[in-house]
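# Fold and contact review
Spelled out, the chains give:
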Amino acid sequence: VQLQASGGGLVQPGGSLRLSCKAVGINFKLHAMNWYRQAPGKQRELVATITSDGSTDYADSVKGRFTISRDNVQRMAYLSMNSLKLEDTAVYYCNTPARGSYFWGQGTQVTVSS
């Protein structure tokens, strides 16, 4: 199983980014997909979840600003991030529970700075 995250970058406060995560080696449509983030000096936290049937859930800190979505044909998960804040700066990871374990992508850096 491989998860390949991309789309991070440098953006000003109030800006937008879309992260992508491609899954290889699993029957993608059967698995939930998660986005986590880890800021310097802080624990990794769950940002957003999308289940196999498309239900979504978000951390309170990103509700109304971030949107998680999936494309089962392309085997992709996305995190659209709007109204970015300085405190959104972190390495973002995609994750999926599969085969009795958890698999992680390599992380993509998001830096919000003026």
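Shown above is the structure to which this text applies.
Here the structure is a predicted model, which is why all the values come from computation and not from measurement.

### Thoughts on the overall build of the protein chain
Helix and strand counts for the protein chain come out as zero helices and 11 strands. Taken over the C-alpha trace, the protein chain has a radius of gyration of 13 Å; the compact-globule value for 114 residues is 13 Å, and the two agree within 12%. Seen through its C-alpha atoms, the protein chain measures out along the principal axes to roughly 40 × 25 × 20 Å. Across the 114 residues of the protein chain, 43% fall into the buried class. Excluding contacts between residues fewer than 6 apart, the proportion of contacts in the protein chain whose partners are at least 24 apart in sequence is 53%. For the protein chain, the exposed surface amounts to about 6,000 Å²; the carbon and sulfur share of it is 47%. Each charge class in the protein chain can be summarised by its mean position, and for the 12 positive and 7 negative side chains these summaries are 8 Å apart.

### Describing the sheet that holds strand E7 (residues 66–71)
Taken in spatial order, the four strands make up an open sheet running E1-E3-E8-E7, and their pairing is antiparallel. Only two strands of the sheet have a single neighbouring strand rather than two, namely strand E1 (2–6) and E7. Averaged over all pairs of adjacent strands, the angle between their axes in this sheet comes to 15°, without regard to strand direction. Where E1 meets strand E3 (residues 17–24), five bridges bridge the pair, whose relative direction is antiparallel.

### A short note on the environment of Thr67
With respect to the helices and strands, Thr67 occurs in strand E7. Given a relative accessible area of 41%, Thr67 falls into the partly exposed group. Put simply, Thr67 and Asn27 are 40 residues apart on the chain and 23 Å apart in space, counted from C-alpha to C-alpha. Residues contacting Thr67, with those up to four places away along its chain left out, are Tyr58, Tyr78, Leu79 and Ser80.

### Some words on the state of the cysteines
Under the criterion given, the structure shown has one disulfide. Covalently, Cys21 is tied to Cys94 through a disulfide, its sulfur atoms 2.1 Å apart. Disulfide Cys21 to Cys94: torsion about the S-S bond roughly 70°, handedness right-handed. A residue pair is termed long-range when its members are at least 10 positions apart, and Cys21 in strand E3 and Cys94 in strand E9 (residues 90–98) qualify at 73 residues. When sorted by exposure, Cys21 lands in the same class as Cys94, which is buried.

Criteria and cut-off values
Residues numbered from 1 in each chain as written. Predicted model: local features only at pLDDT ≥ 70, side-chain atom pairs only at ≥ 80, totals over all residues. Heavy atoms only, no water. Helix = DSSP H or I, 4+ residues; strand = E, 2+ residues; numbered from the N terminus. Rg over C-alpha atoms; globule rule 2.2 N^0.38 Å. Buried < 20%, exposed > 50% of the residue type's maximum accessible area, 1.4 Å probe, protein only. Contact = heavy atoms within 4.5 Å. Areas by Shrake-Rupley, 256 points an atom, 1.4 Å probe, with all protein chains shown as cover. Lys, Arg positive; Asp, Glu negative; His and termini not counted. Charge placed at Lys NZ, Arg CZ, Asp CG, Glu CD. Pairing = 2+ DSSP bridges. Axes fitted to C-alpha atoms, helices over the stretch in contact; angles between N-to-C directions. Disulfide = S-S within 2.5 Å.

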